[in-house]
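# Results of the structural survey
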Amino acid sequence: MASIGPNALEFFDRIIAEQENYWGKPIYGILKLKEKYGNEKIEKACMRAIAFNSIKYQTVKNICEKGLFNIPLENTESLITTNSLNECARPLSEYQQLLYLKEVK
């Protein structure tokens with residue numbers, strides 16, 4: 001386990017801690033994934049799973065299958081623009097006025 005890397009070791013330790021009576025299959029499954037994907041990809045997948053607090057074999061498998069291990073964990077770019085209103089956005093006060101007009105009619 002330590003031969004894969006420190007994140008994999010932490011992942012295995014957390015599996016054992018969280019699933020005291022059922023840790024054999026997930027660990028064996030991840031070790032089998034190592035044959036297909038190699039130590040480096042499994043290590044990165046374990047790091048990503050730990051970051052999202054999803055300590056499950058299926059998580060590591062999905063990360064490896066979909067190639068998500070290469071996506072950086074720290075994303076400084078927001079997917080929602082909060083800097084300024086663009087031409088498609090309206091201020092909330094305008095919606096309040098529309099609601100008021102509907103009540104008056």
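A brief structural summary. (Residues numbered from 1 in each chain as written. Predicted model: local features only at pLDDT ≥ 70, side-chain atom pairs only at ≥ 80, totals over all residues. Heavy atoms only, no water.)

## What to know about the pattern of salt bridges
On inspection of all chains with the given rule, the structure shows four salt bridges. The partner of Lys32 in a salt bridge is Glu35, with the nearest N and O atoms 3.4 Å apart. Placement of both Lys32 and Glu35 in helix H2 (residues 24-37) is noted, with a separation of three residues, approximately one turn of the helix. Residue classification places Lys32 among the partly exposed positions, given a relative accessible area of 38%. On the basis of relative accessible area, Glu35 is assigned to the exposed category, the value being 61%. (Salt bridge = Lys/Arg side-chain N within 4 Å of Asp/Glu carboxyl O. Helix = DSSP H or I, 4+ residues; strand = E, 2+ residues; numbered from the N terminus. Buried < 20%, exposed > 50% of the residue type's maximum accessible area, 1.4 Å probe, protein only.)

## A look at the nonpolar core
Counting 19 residues, the largest nonpolar core has Phe11, Phe12, Ile30, Ile42 and Val60 as its most contacted members. Every element with two or more residues in this core is listed here: helix H1 (6-18), H2, helix H3 (39-51) and helix H4 (57-66). With five residues, the top contributor of residues to this core is H3. Excluding its chain neighbours within four sequence positions, the residues that come into contact with Phe11 are Ile30, Cys46, Ala49, Ile50, Ser54, Ile55, Lys56 and Val60. (Core = buried A, V, L, I, M, F, W, Y, C linked by side-chain atoms within 4.5 Å. Contact = heavy atoms within 4.5 Å.)

## Describing the packing of aromatic side chains
One pair of aromatic rings is described through two measures. These are the centre distance and the angle between the planes. Counted by the stated rule, this structure contains one aromatic pair. Seen in terms of ring centroids, Phe11 and Phe12 are 6.5 Å apart; in terms of plane orientation they differ by 70 degrees. Their pairing is edge-to-face. The burial state of Phe11 is the same as that of Phe12; both residues are buried. (Phe/Tyr/Trp six-rings, centres within 6.5 Å; stacked < 30°, edge-to-face > 60°.)

## A few points about H4
Those residues of H4 lying buried are Thr59, Val60, Ile63 and Cys64. For H4, the arc enclosing every buried residue in end-on projection is 130 degrees, short of the 170-degree limit, so these residues lie on one face. If you follow the buried residues of H4, they end up packed against H1, H2 and H3. Looking one or two residues beyond H4, the residue adopting positive phi is Gly67, at roughly 70 degrees. (Arc of directions from axis to C-beta.)

## Description of the state of the cysteines
Taken as a whole and judged by the stated rule, the model has zero disulfides. Here Cys64 stays unpaired: no disulfide links it, and the sulfur of Cys46, its closest cysteine neighbor, is 7.6 Å away. (Disulfide = S-S within 2.5 Å.)

## Let's talk about the side chain of Arg48
Among the structural elements, Arg48 can be located in helix H3. Classification of Arg48 as buried rests on a relative accessible area of 12%. Contact partners of Arg48, with chain neighbours within four places excluded, come to Ile63, Leu68, Ile71, Pro72 and Leu73.

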